[in-house]
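Listed here are the chains, written in short residue letters.
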Amino acid sequence: MSDACCAPVVDGRKLLLQRRVRMFVAATITYNVVEAVIALAAGSVAGSTALIGFGLDSVIEVASATAVAWQFAGRDPEKRERTALKVIAVSFFALAAYVSVESVLSLVQGDRAAHSTVGVVLAAVSLLVMPWLSYAQRRAGRELGSASAVADSKQTLLCTYLSAVLLVGLVVNSLFGWWWADPLAALVIAAVAVREGREAWRGHHCC
């Protein structure tokens, strides 16, 4: 079956795809709530800007997924799509703004993050879980022709990239004492968030 975006979808298949999107969104929300709590708590203990930024990304990802859930809860999801995309875009920008400020302050002030075993494990687990969730939702969203579902799947994919960046930052900081690796990793997170936010705002994720 074609995975091309905006391909015609028969009613029965459309309902099935909508149910799949809702299921993937629910799974994303559940995982990210747990991820956010752990990351924010561990980041506060370790004083890690990157880990706190990762936790905030999880919070924003919940907001993004909730927007998509709201869209597909209506009788006509297409009419709600533009609003959902705006919510997703704003969530990306909010994350980028906060993480950028905190990262610059950490670099200027020379704040040193402590080792966080919990953070390393969390980043590694997310690196395994998030790619699957992102792929499954993106494929369903593209077949359905939903830009918001695809945008939300990219929010989840962003979490995969952030997991890798976070993991490298935490490990390098712990092994070599390169304290600046933590805020630099956070700045990478912010840069990617800005890019994805612009795409969501313009509605370029699909069609």
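See the structure printed just above.
Just so we're clear, the structure is a prediction, and the values are computed from it rather than from any experiment.

### Here we look at the environment of Ala 65
Phase 1 of the analysis: Here Ala 65 shows up in helix H2 (residues 49-73).
Phase 2 of the analysis: Each C-alpha atom of the pair Ala 65 and Ile 52 lies 20 Å from the other, and the pair is 13 residues apart in sequence.
Phase 3 of the analysis: Apart from residues lying up to four places away in sequence, Ala 65 is in contact with Val 25, Thr 28, Ile 29 and Asp 152.

### Focus: helix H3 (residues 77-109)
Phase 1 of the analysis: For H3, which comprises 33 residues, the first-to-last C-alpha distance of 47 Å matches the rise-based estimate of 48 Å (1.5 Å per residue) to within 8%.
Phase 2 of the analysis: Taken as a whole, H3 carries its principal kink of about 30 degrees at Thr 83.

### Considering the side chain of Ser 58
Phase 1 of the analysis: Relative to the helices and strands, Ser 58 resides in helix H2.
Phase 2 of the analysis: Side chain to side chain, Ser 58 and Glu 35 meet in a polar contact 2.5 Å long.
Phase 3 of the analysis: In this structure, Ser 58 is in contact with Asn 32, Glu 35 and Ala 36, ignoring residues within four places of it in sequence.

### A few points about the packing of aromatic side chains
Phase 1 of the analysis: Overall, the coordinates contain 1 aromatic pair when judged by the stated rule.
Phase 2 of the analysis: Ring geometry for Phe 24 versus Trp 132: centroids 6.1 Å apart, planes at 85 degrees, classification edge-to-face. With Phe 24 in helix H1 (residues 11-46) and Trp 132 in helix H4 (residues 117-144), this pair connects stretches of sequence that are 108 residues apart.
Phase 3 of the analysis: Since its relative accessible area comes to 55%, Trp 132 is described here as exposed.
Phase 4 of the analysis: Its end group placed over the ring of Trp 201, Lys 86 keeps NZ or CZ at 3.5 Å from the ring centre.

### Regarding helix H5 (residues 147-176)
Phase 1 of the analysis: Relative to the 44 Å expected for 30 residues at 1.5 Å per residue, H5 spans 43 Å between its end C-alpha atoms, a close match to the ideal helical length.
Phase 2 of the analysis: At the C-terminal side of H5, Gly 177 shows a positive phi close to 70 degrees.

Rules used in this analysis
Residues numbered from 1 in each chain as written. Predicted model: local features only at pLDDT ≥ 70, side-chain atom pairs only at ≥ 80, totals over all residues. Heavy atoms only, no water. Helix = DSSP H or I, 4+ residues; strand = E, 2+ residues; numbered from the N terminus. Contact = heavy atoms within 4.5 Å. Expected span 1.5 Å × (residues − 1). Bend = angle between axes of the 7 residues up to and from the residue. Polar contact = N/O pair within 3.5 Å; in protein donor to acceptor, adjacent residues only side chain to side chain. Phe/Tyr/Trp six-rings, centres within 6.5 Å; stacked < 30°, edge-to-face > 60°. Buried < 20%, exposed > 50% of the residue type's maximum accessible area, 1.4 Å probe, protein only. Lys NZ or Arg CZ within 6 Å of the ring centre and 35° of its normal.

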